[in-house]
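# Commentary on secondary and tertiary structure
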Amino acid sequence: MNCIYCGHPYTYILKDGLRKCSKCKRKFSLKKIAKEQTLKSAFIEARTAKVTSTNTGMHIATVLKYYEKFRRHIALYSDRQYQRHIEAVTGYDEYLYLPKSLKIEENNINKLQHFLTLSYEKKVYNLMMPTLERYGYDRSDAQERKLLLKYLQFNKVAKLTNAENTITKFWDYFEDFILQYKGVSAEQFIFYLKEAEWRFNYSREEQKKILFDI
């Protein structure tokens, strides 16, 4: 078979079962490749790590490790695509996300995720924004907390009545997409946001080509 790294047509099997390229001398495991292909297919089908672990018999920690790897590759791919189309941006809007399971109240303000959504060629690109404190928001100031809560209430109504466009379509998609995940940490939020962006931007066939190519 061809080398998975350099494409050279001549590889040979070593005693430990690995294959080695006669040109670049790099080694690779067919079992590991097959496992990754299986997990890529499950990820593209939007199966959760728990379901994939049950279906494949792989340990949940292994599945989660690969899923995290896929999301990081997707985020990098998204950045490259956006850089190629930056001149085509036609609009943008900011989003203050609070899980639907949480009420708009003072105790949940610290759970807000702030991101900016840009649109180009019927696709979207998302950027995480600085925390509210970076904008000068003071959580200890009762008046500021009250104003923020009023803004969130108004923002919720505005989104429901806003004319539908690529950005608002994505926000609706993201709100449904993220519900399947419980307790996404602030550090990991960007990668789930980027996964939603990737699924929104590309068809299932396009997703398959992109993920298998990278």
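Residues numbered from 1 in each chain as written. Predicted model: local features only at pLDDT ≥ 70, side-chain atom pairs only at ≥ 80, totals over all residues. Heavy atoms only, no water.

Going by the annotation in an unreviewed UniProt entry, the name recorded for the protein is Transposase, with Sulfurovum riftiae given as the source organism.

What follows deals with the nonpolar core. Core analysis: the biggest nonpolar cluster contains 16 residues, and Leu39, Phe43, Val63, Tyr67, Phe70, Trp198 and Leu211 have the highest contact counts within it. Mapped onto this core, the elements with two or more residues apiece are helix H1 (30–44), helix H3 (60–84) and helix H7 (204–213). With 6 residues, H3 is the single largest residue contributor to this core. Residues contacting Trp198, with those up to four places away along its chain left out, are Phe43, Ile44, Ile74, Gln207, Ile210 and Leu211. Counting 15 residues, the second largest nonpolar core, distinct from the first, contains Tyr97, Phe115, Phe189 and Tyr192. (Core = buried A, V, L, I, M, F, W, Y, C linked by side-chain atoms within 4.5 Å. Buried < 20%, exposed > 50% of the residue type's maximum accessible area, 1.4 Å probe, protein only. Helix = DSSP H or I, 4+ residues; strand = E, 2+ residues; numbered from the N terminus. Contact = heavy atoms within 4.5 Å.)

Scanning the model with the defined rule gives 1 cavity of 30 Å³ or more in all. Estimates place the volume of the largest cavity at around 50 Å³. Along the walls of the largest cavity sit Tyr77, Ser78, Gln81, Tyr120, Val124, Glu197, Trp198, Asn201 and Tyr202, which together make up its complete lining. Broken down by secondary-structure element, the contributors of at least two residues to the lining of the largest cavity are H3 and helix H6 (189–201). (1 Å grid on protein atoms, 1.4 Å probe; cavity = no way out; pocket = protein on both sides within 12 Å on 5 of 7 lines; lining within 4 Å. Points joined across faces, edges and corners; volume = space filled by probe spheres on them.)

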